[in-house]
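Report on the structure
Take a look at the letters that make up each chain.
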Amino acid sequence: MEVEVFKIGSLVSLSGIKAIVTGITIRSNNFVTYECSWWDNNTHNCKWFDSIEVEKREESLVGKVGFK
């Protein structure tokens with residue numbers, strides 16, 4: 001079984017907000033969540049998002065994680 005994920009350090013979009021992937025969690029049934037980090041003026045934000053909320057950007061790096 002392989003799961004396709006954004007690699008740590010990938011630049012992604014969160015409803016138009018540019019963010020960086022700082023963590024990945026793979027749960028049962030291949031459900032993936034991403035920890036993303038971004039700046040809003042002088043405020044640093046870091047939050048977990050479901051994979052459907054994280055949009056690919058040109059700079060995104062995609063990899064595969066597999067388990068046997």
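All of the points below concern the structure found in this document. Worth saying up front: this structure is predicted, and the values here are computed from it rather than measured.

Turning our attention to the nonpolar core. If you look at the biggest cluster of nonpolar residues, it comprises 13 residues, and the most contacted ones within it are V12, L14, Y34, C36 and V54. Listed by contribution, the elements that provide at least two residues to this core are β1 (2–6), β2 (11–14), β3 (17–26) and β4 (32–40). Top contributing element to this core by residue count: β4, with four residues. Apart from the residues lying within four places of it in its own chain, the contact partners of V12 are F6, I17, K18, A19, V21, C36, V54, E55, R57 and S60.

We now examine the sheet that holds β4. Spatially, β5-β4-β3-β2-β6 is the arrangement adopted by the five strands of the open sheet, whose pairing is antiparallel. Both outer strands of the open sheet, β5 (43–50) and β6 (55–56), are each paired with one neighbouring strand and no more. As judged from the eight bridges shared by β4 and β5, these two strands associate in the antiparallel manner. Bridge pairing in β5 places W39 opposite H44.

Calculation criteria
- Residues numbered from 1 in each chain as written.
- Predicted model: local features only at pLDDT ≥ 70, side-chain atom pairs only at ≥ 80, totals over all residues.
- Heavy atoms only, no water.
- Core = buried A, V, L, I, M, F, W, Y, C linked by side-chain atoms within 4.5 Å.
- Buried < 20%, exposed > 50% of the residue type's maximum accessible area, 1.4 Å probe, protein only.
- Helix = DSSP H or I, 4+ residues; strand = E, 2+ residues; numbered from the N terminus.
- Contact = heavy atoms within 4.5 Å.
- Pairing = 2+ DSSP bridges.

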